[in-house]
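Structure at a glance
So you can see what is in the structure, the chains are spelled out below.
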Amino acid sequence: MTMRASLLACGAISLAAALLLQSGPAALAGDVEEAAAICSACHGENGVPVDKSIPVLWGQNEGYIYLQLRDFKLGNRKNVNMTEIAAGLDKPSMKQLAAYFSAKPWPNLGQPSAPHDLAVSAETTAGSAGCRGCHQENWEGDSVTPRVSGQGTQYLRETMVQFRSGERANNPWMAALLKTYTDGDIDAMARYLAGK
Amino acid sequence: MAKIASLALVAGAVAVALAGMAQAQEVRNATKFGDMATVTQDLLNRASDDGNNFLHTNGNYAQTRFYPNRQINTGNVSKLHPAWIFQTDVKDSLETSPIVVNGVMYVTTSFDHVYALNARTGEEIWHYKQKLGPISTYCCGPNNRGVAVAGDMVYLATLDAKLVALDAKTGKPAWSTDVADPELGYSETMAPTVVNGKVLLGTNGGEYGIRGFVKAFDAKTGKLLWTFDTTPENSQGVWATTDATGRDMHRDIAAEKAAYGKNGDPYKTLGGGVWQNPSYDAASNRLFFVVGNPSPDLDGSVRPGDNLYTDSMVSIDLDTGKYVCHFQYIAHDVWDLDAVSPTVLVDAKDASGAMVPAVLHAGKTGHIYVNNRKDCSLIRFSEAMVPQENMWVLPTKDGARMLPGANGGVEWSPIATNPWAGLAYAINLHQPMTYHVENSAYPGGKLWLGGAFKVIPSEEQWGNVTAVDYNTGKIRWQVKTSQPMIGGILATAGGLVFTGEPNGTFEALDSMTGATLWQFHAGAGVNAPPSSYTVEGKQYVVVGAGGNAQIDSKRGNNIIAFTVD
């Protein structure tokens, strides 16, 4: 299946999943594997997302996954598919899914390491903003802070741009920080982190 | 030296195996205070004179960090060398204050591991690893600053906002209690304090829109005894226009009053974390502690008023948790130049020259404040220990440069004092930053700074060690360091102060002159407060070298004890 076809399928399954989940969260809480299969339509059966605008979920930090699901449900973070899906989840279900995906191994997306000059630029930007204070020395985050190393380049770039524009509004600190970033800073950070 | 004892560890059977190991090991006891495996209240009360143990995070209830043994002194410190090095399982930010009880040392690491070590040899006795829940919210690294000891228990506060009591002999949990809801931004990195059967805890979360507190729990059961909310329901205060030093803070009082009238008091999400241990004054049965910044840090528009009791020193009654008095250093702070370094109780000269019970606090502003313990009133503030420029320029969207940067001055690092000399020793940062403001609604337990503070990459950063005469406020000596300093400092009766740097240097300075008498390179950032203790008549100095997340110094996993043969 081509990437475009995968994405269309992913969207269709998301809508179907939303309808299924809205029948009641108990159905999900009963079988996390079944529910996770719905997620895998977009986030990838082997942990590699079917589209570059979709984040890696396998191996992501548990608290972070839970809070994003919570925020999708509350409307604090917006995404057509995820808003629909999260609407049918209750808190225990969200925690189950978070625990399930965080226990999976992080997939290798095979992205290249950033060239030296780009890495130096990204390190300077990161040092100035104190990024490692939350995302940790190895950029793998912890608990409610996401792993960003090895995440998809396009997703990272788009996410930072969305924080900067205010389109993504569920973390005001990141929004404020990204407002001080140039396009060049964001591109360097995205490529640097993706290649870690 | 190789990792000493963790080779014997088998995952999954840790507690049982270690209980056995504890019995098998020979831990030679100290003598002066008797063969005391149990930490009595009397022992805790007399800690300032105890030349064997190190029983409190900051040495004693007054938190002087003055160790009374002088076996290691200015005359022999050049011969100081590692006695042992213990490598923990966690190579990450290390802020622990080693506690030593009768030849047994307790240290903690990031992510809430606790180790009991033989203080003479560095051999592991037991290792406890807190199983953290899915939500741990912390702004500045997965730190833990150490345990408290009392009775037969070791007390640990965790990143997921729990208080855990461990059996001191085995490391097995006796009980655990929820301190607050981590999903709302509460977390614990401080060491608890135990007084008269009460375990005292503040909270992190001033960066997350919490309502701060100090809580007291029953030391035997974990039952909550009282809560002191650090942001009272009427937090508007007196609409102060100047800080404690008399400088204009450029507040728009009329606009604030209008917002206050329209939106009401912001106390429910006003922040006011308590990062560090309280001092305890037995004579008045009162606690003294400092309260951190208001939430959101940089955007004052959503929190009109003085934002009591943020950026303040507060005194409360130990038995009831009731308010006695406070002093606010900065009203309506919009720079995160808050109060985090723990309070110290000393006797100091008041304005008339009379010696009075006083309380010291080293601010992120770079001043050491001296207040009267009786009514919390300000006696004096010291000369600034770091450059101050453009104070108090208001944060802007594009960023306004002001010194000090948001880490200080003096960060959470405890100061030390030499009561004989009337000196306080503080470690400082110089990190030029720009302050940016952005308005945003309360994000439900997420990081909520109301903007950003950013280091200016083109400007030089450095630190210093400063000795201040707290009876005059004058700087006695100052030693510049190549990097900003976070961690802590220890003074000893041997005429020394010990402190560490992010580049891995651990050093001893002459406490009267600041002369560097000894240095050791630890290979990772030394950003933890040192302790000292004595076993079998031999004095040791111990410090953690594991780097620091907040200033991103090189990480490591070493606990290093030094002695002189």
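Keep in mind it's a predicted model, so treat the numbers as computed, not measured. (Residues numbered from 1 in each chain as written. Chains lettered and ligands numbered in written order. Predicted model: local features only at pLDDT ≥ 70, side-chain atom pairs only at ≥ 80, totals over all residues. Heavy atoms only, no water.)

Right, let's get into unusual backbone geometry. Residue and element names in this part refer to chain B. Residue Tyr309 follows Leu308 across a cis peptide bond; omega there is -5°. Tracing the chain through its elements places Tyr309 in the loop between β16 (286–291) and β17 (312–317). Phi is positive for Phe111, which is not a glycine, with a value near 60°. Of note in this structure, Ala161 is not a glycine but carries a positive phi near 65°. Mapped onto the elements, Ala161 comes out in the loop between β8 (153–157) and β9 (162–167). (Helix = DSSP H or I, 4+ residues; strand = E, 2+ residues; numbered from the N terminus.)

Turning our eyes to something else, we now look at the interface of chain B and chain A. Counting from both sides, the interface comprises 30 residues of chain B and, opposite them, 26 residues of chain A. With both sides pooled, the region where chain B packs onto chain A buries about 2,400 Å², and carbon together with sulfur makes up 54% of that total. A:Lys91 serves as the salt-bridge partner of B:Glu183, at 3.4 Å between the closest nitrogen and oxygen. Put simply, chain B and chain A have 13 residue pairs in polar contact (both at pLDDT 80 or more) between them. Element by element, the count of residues in the side of chain B that touches chain A is highest for strand β27 (residues 451–455) of chain B, at five residues. Here the side of chain B that touches chain A is built from residues that sort into 16 nonpolar, seven polar and seven charged. (Contact = heavy atoms within 4.5 Å. Buried area = accessible area lost by both parts, 1.4 Å probe. Salt bridge = Lys/Arg side-chain N within 4 Å of Asp/Glu carboxyl O. Polar contact = N/O pair within 3.5 Å; in protein donor to acceptor, adjacent residues only side chain to side chain. Nonpolar A, V, L, I, M, F, W, Y, C, P; charged D, E, K, R; others polar.)

What follows concerns the environment of A:Ala176. Positionally, A:Ala176 belongs in helix α10 (residues 172–178). The class for A:Ala176 is buried, based on a relative accessible area of 4%. Among all residues touching A:Ala176, those that are not within four sequence positions of it are B:Glu438, B:Gly451 and B:Ala452. (Buried < 20%, exposed > 50% of the residue type's maximum accessible area, 1.4 Å probe, protein only.)

So, on to the packing of aromatic side chains. Under the counting rule described, the total for this entry stands at 27 aromatic pairs over all chains. When the centroid spacing of 5.9 Å and the interplanar angle of 80° are considered together, the rings of B:Trp239 and B:Tyr260 count as edge-to-face. Highlighted residues: B:Trp239 in the loop between β14 (224–229) and α3 (253–263) and B:Tyr260 in helix α3, separated in sequence by 21 residues. Judged by its relative accessible area of 14%, B:Trp239 is buried. Relative to B:Tyr329, the ring of B:Phe327 lies with its centre 5.6 Å away and its plane at 70°, an arrangement referred to as edge-to-face. In textbook terms, an aromatic cluster arises when at least three aromatic residues are bridged by ring pairs, as seen for B:Phe498, B:Phe506, B:Trp518, B:Phe520 and B:Phe562. Just above the ring of A:Tyr66 sits the side chain of A:Lys95; from NZ or CZ to the centre is 5.2 Å. Sitting over the face of the ring of B:Trp412, B:Arg145 holds its NZ or CZ atom 4.9 Å from the ring centroid. (Phe/Tyr/Trp six-rings, centres within 6.5 Å; stacked < 30°, edge-to-face > 60°. Lys NZ or Arg CZ within 6 Å of the ring centre and 35° of its normal.)

This part takes up the sheet that holds strand β2 (residues 81–87) of chain B. All names here are of chain B. With antiparallel pairing, four strands are arranged side by side in an open sheet as β2-β36-β35-β34. The sheet terminates laterally at β2 and β34 (531–535), the two strands that pair on one side only. Averaged over all pairs of adjacent strands, the angle between their axes in this sheet comes to 25°, without regard to strand direction. Pairing of strand β35 (residues 538–545) with strand β36 (residues 558–563), which is carried by six bridges, proceeds in the antiparallel orientation. By the bridge assignment, Val542 is partnered in β36 with Ala561. (Pairing = 2+ DSSP bridges. Axes fitted to C-alpha atoms, helices over the stretch in contact; angles between N-to-C directions.)

Residues and elements named next belong to chain A. Assigned domains within chain A: domain 1 (3–102) and domain 2 (116–194). Taken together, the contacts link 15 residues of domain 1 with 15 residues of domain 2. Both faces considered, domain 1 and domain 2 share a buried interface measuring about 1,200 Å² in area, 46% of it formed by carbon and sulfur atoms. Linking domain 1 with domain 2 are zero salt bridges, by the criterion used here. Applying the counting criterion to the domain 1 and domain 2 interface returns 12 residue pairs in polar contact (both at pLDDT 80 or more). The residue inventory of the side of domain 1 that touches domain 2, partitioned by class, reads five nonpolar, six polar and four charged. (Domains from an automatic or database assignment.)

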